[in-house]
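# Chain and residue survey
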Amino acid sequence: MLIALARSWNERFGAELVAHYGTILQFTLTRPPSDIDTAWQLALEQDLVAPCTIGPAMLSLRDHARALLNYKRWFLHDHP
């Protein structure tokens, strides 16, 4: 599933996987989501494959989606 999502993120946002830190994946992108509906869908996708990105930080999915509108890099975190 992650490979399919990474391919989709590349097509939609120009996202490229640039580093793997064990439990963290770092992506850079050229086209952040341009509207809140797209950012919301992206936040759902990221939470599906890397739930430790927002869960342990006590960050709401809504806040994560809003933040995605401004980020040109993502750090997705998940524990094994």
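Read on for an overview of the structure. What you are looking at is a predicted structure, and each value in this text was computed from that prediction instead of being measured.

### Some details on the overall build of the protein chain
- Along its length, the protein chain carries three helices and three strands.
- Going residue by residue from the N terminus, the α and β elements of the protein chain occur as α-β-β-α-α-β.
- For a compact globule of 80 residues, the expected C-alpha radius of gyration is about 12 Å, and the protein chain comes in at 11 Å, within 12% of that figure.
- Taken along its principal axes, the extent of the C-alpha atoms in the protein chain is 30 × 25 × 20 Å.
- Out of the 80 residues in the protein chain, the part that is buried amounts to 35%.
- In the structure as shown, the protein chain presents an accessible area of about 5000 Å², 58% of it carried by carbon and sulfur atoms.
- Within the protein chain, one finds 7 positive and 8 negative side-chain charges whose respective centroids are separated by 5 Å.

### What about the sheet that holds strand E2 (residues 24–28)?
- The strand order across the open sheet formed by three strands is E1-E2-E3, and the pairing between neighbours is antiparallel. At either end of the open sheet lies a strand with only one pairing partner, and these are strand E1 (16–20) and strand E3 (73–77). Strand-to-strand, the axes of this sheet are offset by a mean angle of 25 degrees, without reference to chain direction.
- Bridge count for E2 against E3 is five bridges, and the pairing is antiparallel. Note on E3: the bridge partner recorded for leucine 25 is leucine 76.

### Considerations on the pairing of E2
- Pairing of E1 with E2 involves four bridges; the strand directions are antiparallel. Looking at E2, one finds that leucine 17 is bridged to phenylalanine 27.
- Counted along the chain from E1 to the antiparallel partner E2, the turn is three residues long, and its residue glycine 22 has a positive phi close to 90 degrees.

### Describing the nonpolar core
- Ranked by internal contacts, the top residues of the largest apolar core, which has 18 residues, are Trp9, Phe27 and Trp74.
- For this core, the secondary structure elements donating two or more residues are helix H1 (2–13), E2, helix H2 (36–49), helix H3 (61–68) and E3.
- No other element matches H2, which puts four residues into this core.

Analysis parameters
Residues numbered from 1 in each chain as written. Predicted model: local features only at pLDDT ≥ 70, side-chain atom pairs only at ≥ 80, totals over all residues. Heavy atoms only, no water. Helix = DSSP H or I, 4+ residues; strand = E, 2+ residues; numbered from the N terminus. Rg over C-alpha atoms; globule rule 2.2 N^0.38 Å. Buried < 20%, exposed > 50% of the residue type's maximum accessible area, 1.4 Å probe, protein only. Areas by Shrake-Rupley, 256 points an atom, 1.4 Å probe, with all protein chains shown as cover. Lys, Arg positive; Asp, Glu negative; His and termini not counted. Charge placed at Lys NZ, Arg CZ, Asp CG, Glu CD. Pairing = 2+ DSSP bridges. Axes fitted to C-alpha atoms, helices over the stretch in contact; angles between N-to-C directions. Core = buried A, V, L, I, M, F, W, Y, C linked by side-chain atoms within 4.5 Å.

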